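For reference, the chains in residue letters:
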Amino acid sequence: MASWISMEEACRLLGVQPQTIYAYVSRGKLEVMPDPAHARRSLYRAEDVAGLAKRKQAGRKHETLAANTLFGSEPSIPTALCAFFRGRPYYRGQDAVTLARSAAVEDVARLLWGAEQSVDFSCSAPMRSGKPGRDAAFTALAGLAAAGLSTRGRLTRVLHNESQGLVGELGNAFGARPGHEPLHLRFAKGWKQSPRVADLLRTAMVLLVDHELTSSAFVARIAASTGASLPASLLAGLTTLSGPLHGDASGRVQALFSEVERLGEDAVVAHYLSTGLPLAGFGHHLYPDGDPRAAALLELFEPPEVIARFIQKVTTLTGLQPNIDVALAALVAHHRLPADAAFGLFATARSVGLLAHSLEQLGVTQVIRPRGRYVGPMPSLPQAARA
């Protein structure tokens with residue numbers, strides 16, 4: 001039977017700070033559960049802590065390091081792009097939730113890329129013929145990857161220019177109207193939405209730009225480390241992002257919302273809880289007190305009534321708060337956005353972060369040390385894909 005220990009004990013045994021414990025949890029390397037005696041505290045699986053401590057000790061031996069393979073050891077990737085501090089994500093030391101109140105995704109791109117000039121996503125080719133959506137996006141990106149140039153021997157400003165063209169082209173492929181306005185306004189016009197909805201799209205995209213070393217960021221960095229072109233590195237990251245356990249998790253939530261609209265919230269909740277099936281979009285092991293990104297977005301609009309009742313019922317019966325996937329799916333449902341809009345917003349916004357990881361891997365981004373900066377274990381590929 002598993003035994004559980006407190007945060008303080010886990011930190012003592014591993015010799016780390018709480019931020020590193022959160023990182024181990026986010027990587028799927030450390031199991032966590034609510035503390036029955038304290039509603040706002042968590043307990044950590046003692047066996048997992050012991051295993052991490054053992055591998056950490058083994059990693060100090062040079063002969064062990066030489067013998068281990070990449071995935072058998074605990075290699076580290078230092079990143080200054082995104083870190084978690086007191087249950088909130090920070091982009092280069094700036095609170096991402098606070099940034100989302102006013103910043104555009106172009107502003108965040110400049111911050112993460114360390115660009116000297118303003119970023120402009122309108123300097124891109126318009127979408128080729130066809131229906132907007134992920135088919136168009138992946139087809140366009142695959143063509144660019146096939147003809148892409150290696151990043152080797154190219155100036156930073158040239159790579160920044162190419163990066164902003166890639167993000168702009170993705171936006172166009174997902175339905176943004178070509179023009180010289182910020183990307184969120186072009187998405188709103190392409191989807192025939194009001195300026196108020198455009199501001200919601202802006203908020204959502206800023207919240208989704210990066211989330212530390214997710215599996216998609218890891219894959220993009222691996223591709224970039226080989227000297228692959230920026231579109232190839234981005235394509236590697238986005239194909240990983242497209243999985244239902246990662247960036248397309250909102251698609252699972254949309255399917256759940258369809259059940260709720262068809263059968264009613266009581267029937268759906270009863271079915272899932274009586275059979276022990278997980279409810280997509282609720283809970284996030286990195287945010288035991290609730291996903292602040294979801295809270296920031298949901299406070300700006302009222303989801304459809306039946307969905308709002310469903311969210312409240314699940315929260316009451318399980319204690320789990322909605323995460324960003326629920327907020328994104330609710331936004332799409334409320335404003336009747338295109339079916340692929342949730343993934344389109346996520347993929348376009350996260351392409352900014354994936355390119356930032358690729359550039360940082362190449363050593364061409366300015367190194368700014370954020371508060372709570374994470375330097376820790378490489379993500380375990382099958383488990384690390386949490387938004």
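Above this note sits the structure.
The rules behind the values
Residues numbered from 1 in each chain as written. Predicted model: local features only at pLDDT ≥ 70, side-chain atom pairs only at ≥ 80, totals over all residues. Heavy atoms only, no water. Helix = DSSP H or I, 4+ residues; strand = E, 2+ residues; numbered from the N terminus. Buried < 20%, exposed > 50% of the residue type's maximum accessible area, 1.4 Å probe, protein only. Contact = heavy atoms within 4.5 Å. Areas by Shrake-Rupley, 256 points an atom, 1.4 Å probe, with all protein chains shown as cover. Pairing = 2+ DSSP bridges. 1 Å grid on protein atoms, 1.4 Å probe; cavity = no way out; pocket = protein on both sides within 12 Å on 5 of 7 lines; lining within 4 Å. Points joined across faces, edges and corners; volume = space filled by probe spheres on them. Nonpolar A, V, L, I, M, F, W, Y, C, P; charged D, E, K, R; others polar. Phe/Tyr/Trp six-rings, centres within 6.5 Å; stacked < 30°, edge-to-face > 60°. Lys NZ or Arg CZ within 6 Å of the ring centre and 35° of its normal. Core = buried A, V, L, I, M, F, W, Y, C linked by side-chain atoms within 4.5 Å.

Draft legend 1. How the structure looks around the overall build of the protein. Within the protein one finds 18 helices and 6 strands. Counting every position in the protein, which comprises 387 residues, the buried fraction comes to 53%. When contacts within the protein are restricted to residue pairs at least 6 apart in sequence, those whose partners lie at least 24 apart make up 75%. Split by element, the accessible area of the protein, about 17,100 Å² in all, is 54% carbon and sulfur.

Draft legend 2. Examining the pairing of strand β4 (residues 82-85) more closely. Neither face of β4 is exposed, since Cys82 and Phe84 on one face and Ala83 and Phe85 on the opposite face are all buried. Sheet analysis places β4 next to strand β5 (residues 88-91), joined by 4 bridges and oriented antiparallel. When the sheet's bridge partners are listed, cysteine 82 is paired in β5 with tyrosine 91.

Draft legend 3. Summary view of the environment of leucine 170. With respect to the helices and strands, leucine 170 occurs in helix α8 (residues 156-173). Distance from leucine 170 to phenylalanine 121, taken between C-alpha atoms, is 9.7 Å for residues 49 residues apart in sequence. In this structure, leucine 170 is in contact with Ala137, Leu234, Leu238, Ala347, Thr348 and Ser351, ignoring residues within four places of it in sequence.

Draft legend 4. Quick peek at the layout of surface pockets. The computed volume of the second largest pocket comes to approximately 480 Å³. If you go around the second largest pocket, you meet 21 residues; those closest to its centre are Met7, Tyr22, Arg40, Pro288 and Asp289. Elements supplying a minimum of two residues to the lining of the second largest pocket: α1 (7-14), α2 (18-26) and β3 (38-45). For the lining of the second largest pocket, the element with the most residues is β3, which contributes 5 residues. Tallied by class, residues from the lining of the second largest pocket come to 10 nonpolar, 4 polar and 7 charged.

Draft legend 5. The sheet that holds strand β6 (residues 94-95), seen in detail. Strand order in the open sheet formed by 3 strands is β4-β5-β6, and the pairing between neighbours is antiparallel. Each end of this open sheet is capped by a strand with a single partner; those strands are β4 and β6.

Draft legend 6. Looking closely at helix α9 (residues 183-190). All of the buried residues along α9 are Leu183, His184, Arg186, Phe187 and Ala188. As for α9, its buried residues are in contact with α6 (105-113), α8, α10 (195-208) and α18 (341-362). In the segment just after α9, lysine 192 is the residue with positive phi, at about 60°.

Draft legend 7. Inspection of the packing of aromatic side chains at higher detail. Here the structure, examined in full by the defined rule, presents 8 aromatic pairs. Considering the side-chain rings of phenylalanine 174 and phenylalanine 343, the 6.1 Å spacing of their centres and the 75° angle between planes classify their relative orientation as edge-to-face. Highlighted residues: phenylalanine 174 in the loop between α8 and α9 and phenylalanine 343 in helix α18, separated in sequence by 169 residues. For the ring pair phenylalanine 257 and phenylalanine 310, a centre distance of 6.3 Å and an interplane angle of 85° mean the geometry is edge-to-face. Here phenylalanine 257, found in helix α13 (residues 249-263), pairs with phenylalanine 310, found in helix α16 (residues 305-318); they are 53 residues apart in sequence, far enough to count as distant. Among the residues examined, phenylalanine 257 registers a relative accessible area of 3% and is labelled buried. Joined through ring pairs, the aromatic side chains of Phe138, Phe174 and Phe343 make up one cluster. A cation sits over an aromatic face here: arginine 134 above phenylalanine 343, 4.2 Å from the ring centre.

Draft legend 8. How the structure looks around unusual backbone geometry. A positive phi angle is found at arginine 92, which is not glycine, with a value near 50°. With respect to the secondary-structure elements, arginine 92 resides in the loop between β5 and β6. One non-glycine residue, lysine 192, lies in the positive phi region at around 60°.

Draft legend 9. Representation of the pairing of β5 within the structure. Hairpin geometry of β4 and β5 is characterised by an intervening segment of 2 residues between the two adjacent antiparallel strands and by a positive phi of about 50° at arginine 86. In this sheet, β6 lies alongside β5 in antiparallel orientation, the contact comprising 2 bridges. Bridge assignment links tyrosine 90 to a residue of β6, and that residue is aspartate 95. Turn length for the β5-β6 hairpin, with the two strands adjacent in sequence and antiparallel, is 2 residues, and the turn residue arginine 92 shows positive phi of about 50°.

Draft legend 10. Up close: the nonpolar core. Residues Tyr91, Trp113, Phe121, Phe187, Leu201 and Phe310 are the most contacted members of the largest nonpolar core, which totals 89 residues. Top element by residues in this core is α18. It accounts for 12 residues. Non-local contacts of leucine 201, meaning those with residues more than four positions away in its chain, are made with His184, Phe187, Ala188, Trp191, Leu331, Leu337 and Leu345. In terms of nonpolar packing, the next biggest core, distinct from the first, is built from 14 residues, Ala10, Leu14, Leu30 and Tyr44 among them.

Draft legend 11. Quick look at the environment of leucine 256. Here leucine 256 is to be found in helix α13. The exposure class of leucine 256 is buried, given its relative accessible area of 3%. Between the alpha carbons of leucine 256 and isoleucine 307 there is a distance of 9.8 Å; along the sequence they are 51 residues apart. Other than its neighbours up to four places away in sequence, leucine 256 contacts Val268, Tyr272, Leu279, Ala280 and Phe310.

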